[in-house]
Amino acid sequence: MKIALLSCFYPYRGGISQFNACLYGELSKHHVVKAFNFSRQYPEFLFPGKTQYVTEDDEAVPVESESLLDTANPFSYARTLKAIRAWEPDLLIVRYWMSWFGPSLGWITRRMKKQCKVISILDNVIPHEPRFFDTPLTKYFLKGSDGCITLCEAVSKDLLRLKPDAVHTVIQHPLYSHFGAKEDRAAAERKLGLAPGKKNILFFGLIRKYKGLDILIEAFRGLSADYQLIIAGEPYGSFSSYQEQLDSLPADHKVLTNLKYIRDSEVKDYFSSADLAVLPYRSATQSGISSVSYHFEVPMVVTNVGGLKETIGDRGTGLVVEEASPEAVRAAIEQYFSDPQLEKDCISNIRKEKERLSWSAFARKLLEFADKL
């Protein structure tokens, strides 16, 4: 089968690009696959981080692609469509995670439906930080898909609110496994300059308001000096309000911050040092961070938003708190560390999930869904 993937690939960085590289690699084992990339993903003024692109010290996986689609230039839509049509795929797969992509991807998929099957993988239908134009642009995009894949039930519910007749299935986010093996904890702590013998709590990934870092810092304030907080990730926007919180913590509260995009080779240092990952999100669908936590067998505390309860709490791989408040998050952290059996049970369940959530299983289920369309 000839499969076209239209989304972001190297030299773009981040979780979406990493996911696409993994999917490309898995599908290429048994099919002819071609990646069609963005020539411009966002105008720079719309991008809240430091850069959209890999830097010299990144280890992102290069994927050969054809960079054609400029989302801000409608003239590029036809050029991209022409190139995909000329390649004559049997299946076109697109990724959709925010309404900015609705016009460009929707314009192309609506016209590709006449030539081949079109499947969209929906990370989000309703964005974490919604705007008035999200619904009409997403509805426009969805009309170009023969079928939709969501990564959790919460996104499926959002999908059906906008398109009740959508043909869809849920295939849970596979595990990222390209970060290397877990390393010795003491060695990882030394590398990061962490104090040994502490209970290490990790907040990892892009820092955005909806992810609730401020909630975790306040939860940490009420914990004893036996705990240590690790914050690793690039802020999207100002970090000043978080820094004010950190500066006001008791002097004996140890915090490590690394406020930059974490390179692939560095990820293992943080998860090898961590006892517990905390995702105190105010809103969510699913989280790629949970997939990284699974890979390194680090249990989680998450809030009951989006698909986090479904993919973590219901699987016994962590604790779910019912409200995104410092008190609730703190209580869950203390509960986890007060019960050694809970840690053993969570890690045992994570190992079961690692067997289930492989890229080969994801690709197989995707193609089985495509065959039924």
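Calculation rules
Residues numbered from 1 in each chain as written. Predicted model: local features only at pLDDT ≥ 70, side-chain atom pairs only at ≥ 80, totals over all residues. Heavy atoms only, no water. Pairing = 2+ DSSP bridges. Helix = DSSP H or I, 4+ residues; strand = E, 2+ residues; numbered from the N terminus. Axes fitted to C-alpha atoms, helices over the stretch in contact; angles between N-to-C directions. Contact = heavy atoms within 4.5 Å. Phe/Tyr/Trp six-rings, centres within 6.5 Å; stacked < 30°, edge-to-face > 60°. Buried < 20%, exposed > 50% of the residue type's maximum accessible area, 1.4 Å probe, protein only. Salt bridge = Lys/Arg side-chain N within 4 Å of Asp/Glu carboxyl O. Expected span 1.5 Å × (residues − 1). Right-handed = clockwise from strand over helix to strand, strands pointing away.

Participant: Would you take a moment to explain the sheet that holds strand 7 (residues 168-170) for this structure?
Facilitator: Two pairing modes exist for strands in a sheet, parallel and antiparallel, and in both the strands are linked by backbone hydrogen bonds. Strand order in this open sheet of seven strands is 3-2-1-4-5-6-7, and the pairing throughout is parallel. The outermost strands of the open sheet, each flanked by one partner alone, are strand 3 (65-70) and strand 7. Averaged over all neighbouring strand pairs, the angle between strand axes comes to 25°, with direction disregarded. In terms of strand pairing, strand 4 (residues 91-96) meets strand 5 (residues 117-122) through six bridges, oriented parallel. By the bridge assignment for strand 5, Leu92 is matched with Val118. Strands in contact with helix 2 (residues 75-87) are strand 1 (2-6), strand 2 (32-40) and strand 3; relative to strand 3, the strand with the most contacts, it is inclined by about 145°. Along the sheet, helix 4 (residues 134-142) contacts strand 4, strand 5 and strand 6 (147-150); its crossing angle with strand 4, the most-contacted strand, is approximately 170°.

Participant: How should the sheet that holds strand 9 (residues 227-232) be read in this particular structure?
Facilitator: Ordered in space as 10-9-8-11-12-13, the six strands form an open sheet in which the pairing is parallel. In this open sheet, the two strands that pair with only one neighbour each are strand 10 (254-258) and strand 13 (318-321). Ignoring strand direction, the axes of neighbouring strands in this sheet form an average angle of 20°. Of the strand pairs in this sheet, strand 9 and strand 10 are connected by five bridges, and their pairing is parallel. Looking across to strand 10, one finds that Ile231 is bridged to Thr257. Each of strand 8 (199-204), strand 9, strand 10 and strand 11 (276-279) is contacted by helix 7 (residues 213-221), which is oriented at about 165° to strand 9, the strand it contacts most.

Participant: Help me understand the packing of aromatic side chains, please; the structure alone is not making it clear to me.
Facilitator: Between two aromatic rings, the relevant description is the distance of the centres plus the angle of the planes. The full count for this structure, using the stated rule, is 17 aromatic pairs. Ring centres of Phe204 and Tyr270 lie 6.2 Å apart, and the angle between their planes is 55°; this geometry places the pair in the tilted category. Linking Phe204 in strand 8 with Tyr270 in helix 9 (residues 264-273), this pair joins segments that are 66 residues apart in sequence. You'll find Phe204 and Tyr270 in the same group, each marked buried. Aromatic rings pair up to connect Tyr12, Phe38, Trp97 and Phe101 into one cluster.

Participant: Explain the environment of Gly233 to me, please; I cannot follow it from the model alone.
Facilitator: Secondary-structure assignment places Gly233 in the loop between strand 9 and helix 8 (240-247). For Gly233, a relative accessible area of 2% gives the class buried. In this structure the C-alpha to C-alpha distance between Gly233 and Phe179, which are 54 residues apart in sequence, comes to 16 Å.

Participant: Looking at this model, I keep getting lost on the pattern of salt bridges. Mind explaining?
Facilitator: All told, the structure shown has 20 salt bridges when counted by the stated rule. We note a salt bridge from Lys163 to Asp165, for which the minimum N-O separation is 3.2 Å. Owing to a relative accessible area of 57%, Asp165 belongs among the exposed residues under this scheme. Between Glu266 and Lys260 there is a salt bridge; the shortest N-O distance is 2.8 Å. The buried category is assigned to Glu266, whose relative accessible area is 15%.

Participant: Explain helix 1 (residues 15-27) here, please?
Facilitator: For an α-helix, the turn length of 3.6 residues means that residues three or four places apart are oriented alike. The first and last C-alpha atoms of helix 1 sit 18 Å apart over 13 residues, in line with the 18 Å expected at 1.5 Å per residue. Burial analysis of helix 1 places 11 of its 13 residues in the buried class, which makes it a mostly covered element. Among the residues making up helix 1, those that are buried are Ile16, Ser17, Gln18, Phe19, Asn20, Ala21, Cys22, Leu23, Tyr24, Glu26 and Leu27.

Participant: Mind showing me how you'd approach the pairing of strand 9 here?
Facilitator: Side-chain positions along a regular strand alternate between the two faces of the sheet. Among the six residues of strand 9, six are classified as buried, and the element is accordingly described as predominantly covered. Residues Tyr227, Leu229 and Ile231 line one face of strand 9 and the alternating positions Gln228, Ile230 and Ala232 line the opposite face, and both faces are buried. Across six bridges, the pairing between strand 8 and strand 9 is parallel. Counterpart to Phe204 in the pairing with strand 9 is Ala232. Taken together, strand 8, helix 7 and strand 9 constitute a β-α-β crossover, and its handedness is right-handed. As a crossover connection, the stretch from strand 9 through helix 8 into strand 10 is right-handed.

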